[in-house]
Amino acid sequence: MNDAGAGRPQPDEQTAGGLDLAPFRGVRYAPERIGDLAAVTSPPYDVVVRPDGLHQLESADPHNIVRLILPQAVSPSARTERAADTLGRWLADGVLVADPAPGLYVYEQQQGGHLQRGVIGALRLSESAEGIVLPHEDVMAPVVADRAALMRATRANLDPLLLTYRGDAGGGGTAAVVDRAAGREPLLTTTTEDGVCHRLWAVTAAEEIAEVRADLARRQALIADGHHRWATYLRLRAAHRSPSPWDRGLVLLVDTVRYPLRVRAIHRLLHRFPTARALAALEGRFRVRTVPGPLDGAVAALGAAASEGNAFLLAGDGAFHLIDRPDPELLTGTVPQDRPAAWRTLDATVLHSTLIDRVWGVPDHPERISYIHDAPATVAKAERDGSTAVLLHPVREEVVRDLARQGVMMPRKSTSFGPKPATGLVLRSLGR
């Protein structure tokens, strides 16, 4: 049993020394310079399916934010230099403009019957041992290094992380400020291609900012999306003498008592690893069944199997293969036994510890494994490239929160909380 979190304050407890959210002067696209705000926004950098999605976003508008979060050039240093030059040019040309006064920002996303609201601000950074902001996933060092180089070059937080906290059921505090702001005229309204309507309000009144800060100072948060960027924030804070703008990072805080998030899986694409080879290696180790399509039906079969134990859906050869019922002795010999049972039985744990590392022997490197949020895109790329798509069933939010309380890290890219904030609605400059 990993007791790394023993004695750690719980995320739902209200304690002193909690979240410290400060106002900032948001940098936003100037409406008169942008014909369609939706055309310059992007999903978070790790949700963009490259290269298809990248090219689509770049062609949507010459000022699309993807040119900053995923700059394209021949080398890593050239990419970060290009992003910094582009940001500087857009600021100088008035494409991006800083708001006149510092404030917090109420951000709303609505799609059909699903409504989510939260507060964007500059959050004081803290280590996980402090029990204020709790991560639940490990990170990949190369990704952190890449994001750090980009932030260092642009001197900007280009997109907010998604954090959750548990507010009071009766409202008041932050909830009251959010509700009041949502009754006013928004700074911007736009509907993106995925059908999500986005609205943003500035909260600049000193008394409302104080109300939010006092309420959040009693709260703790769970990182729902943005572990690599949070690790990047911490790395850059350590590289600068405090006090400095690097002591804080841009976040969106959502109260999941009022606005529960949706949890989806993140799928794997195993490059240069044909599905036939993956299936052959499973003989005698997992039960393998071919299930009928289309994809929705196959995913439903995955969900049914996952309710009884570890299960995965493989694709890439034009068919769907459901694998479940792993050999118990195989799991005992491949899954580390020094963690809680909830961690040992995670699909992501079994996928990486047992299948990817031992059965298939695929190195967990970006050239060999891609992490993709969209199931149809994962399958399509596998079929096009002769690779293997591994589709997972989403983990329950209560499992994520329980492990975070214990200080136990889930395998990286285990969960996809959403809806995620659109990138490009508000940026935070750290000074140029």
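Every value quoted in this text rests on a predicted model; they were computed, and no experiment measured them.

A. Focus on the overall build of the protein chain. Of the regular secondary structure elements, the protein chain holds 14 helices and 21 strands. Looking at the protein chain residue by residue over its 432 residues, the buried ones come to 56%. Per element, the accessible surface of the protein chain, about 17600 Å² overall, is 51% carbon and sulfur. Averaging the coordinates of the 50 positive side-chain charges in the protein chain and doing the same for the 51 negative ones gives two points 3 Å apart.

B. Main features of the sheet that holds strand β7 (residues 156–157). Across the sheet, 4 strands lie side by side as β3-β2-β21-β7; this open sheet has antiparallel pairing. Each end of this open sheet is capped by a strand with a single partner; those strands are β3 (96–98) and β7. Strand direction decides the pairing type here: β7 and strand β21 (residues 427–429), joined by 2 bridges, are antiparallel. Paired with Ala156 across the two strands is Ser429, which belongs to β21.

C. Geometry of helix α13 (residues 375–385). Among all positions in α13, only Ala375, Ala377, Thr378, Val379, Lys381 and Ala382 are buried. Buried residues along α13 sit against β14 (267–270), α9 (295–306), β16 (311–315), β17 (320–324), β18 (369–372) and β19 (388–391). Its side-chain oxygen placed 2.8 Å from the backbone nitrogen of Ala377, Asp374 serves as the N-cap of α13. At the exit of α13 stands Gly386, carrying a positive phi of roughly 70°.

D. Seen up close, the pairing of strand β11 (residues 221–225). The buried fraction of β11 amounts to 5 of the 5 residues, a majority that puts the element mostly inside the structure. Examined bridge by bridge, strand β8 (residues 161–165) and β11 share 3 bridges and lie antiparallel to one another. Bridged to Leu163 within β11 is Ile223.

E. Inspection of empty space enclosed by the protein at higher detail. For the coordinates displayed, the defined rule picks out 6 cavities of 30 Å³ or more. Of the pockets and cavities examined, the largest cavity occupies roughly 130 Å³. Those elements that place two or more of their residues in the lining of the largest cavity are β11 and α7 (227–238). Broken down by element, the lining of the largest cavity gets its largest block of residues, 3 residues, from α7. Taken together, the residues of the lining of the largest cavity sort by class into 3 nonpolar, 6 polar and 6 charged.

F. Main features of the layout of surface pockets. The calculated volume of the largest pocket comes to roughly 1300 Å³. Taken together, 48 residues line the largest pocket, and the ones lying closest to its centre are Pro43, Val47, Asp194, His373 and Asp374. No other element matches α9, which puts 5 residues into the lining of the largest pocket. Along the lines of polarity and charge, the residues of the lining of the largest pocket split into 24 nonpolar, 17 polar and 7 charged.

G. Highlighting the sheet that holds β14. Ordered in space as β15-β17-β16-β19-β14-β18, the 6 strands form an open sheet in which the pairing is antiparallel. Edge positions in the sheet fall to β15 (287–291) and β18, since each of these pairs with one other strand and no more. Geometrically, the sheet is characterised by an average inter-axis angle of 25° between neighbouring strands, direction not taken into account. Bridge count for β14 against β19 is 3 bridges, and the pairing is antiparallel. Counterpart to Arg268 in the pairing with β19 is Val390. Those strands touched by α9 are β15, β16, β17 and β19, and its axis lies near 155° from that of β16. Together, β14, β16, β17, β18 and β19 form the strand contacts of α13, whose direction differs from that of β19 by roughly 160°.

About the criteria used
- Residues numbered from 1 in each chain as written.
- Predicted model: local features only at pLDDT ≥ 70, side-chain atom pairs only at ≥ 80, totals over all residues.
- Heavy atoms only, no water.
- Helix = DSSP H or I, 4+ residues; strand = E, 2+ residues; numbered from the N terminus.
- Buried < 20%, exposed > 50% of the residue type's maximum accessible area, 1.4 Å probe, protein only.
- Areas by Shrake-Rupley, 256 points an atom, 1.4 Å probe, with all protein chains shown as cover.
- Lys, Arg positive; Asp, Glu negative; His and termini not counted.
- Charge placed at Lys NZ, Arg CZ, Asp CG, Glu CD.
- Pairing = 2+ DSSP bridges.
- Contact = heavy atoms within 4.5 Å.
- Polar contact = N/O pair within 3.5 Å; in protein donor to acceptor, adjacent residues only side chain to side chain.
- 1 Å grid on protein atoms, 1.4 Å probe; cavity = no way out; pocket = protein on both sides within 12 Å on 5 of 7 lines; lining within 4 Å.
- Points joined across faces, edges and corners; volume = space filled by probe spheres on them.
- Nonpolar A, V, L, I, M, F, W, Y, C, P; charged D, E, K, R; others polar.
- Axes fitted to C-alpha atoms, helices over the stretch in contact; angles between N-to-C directions.

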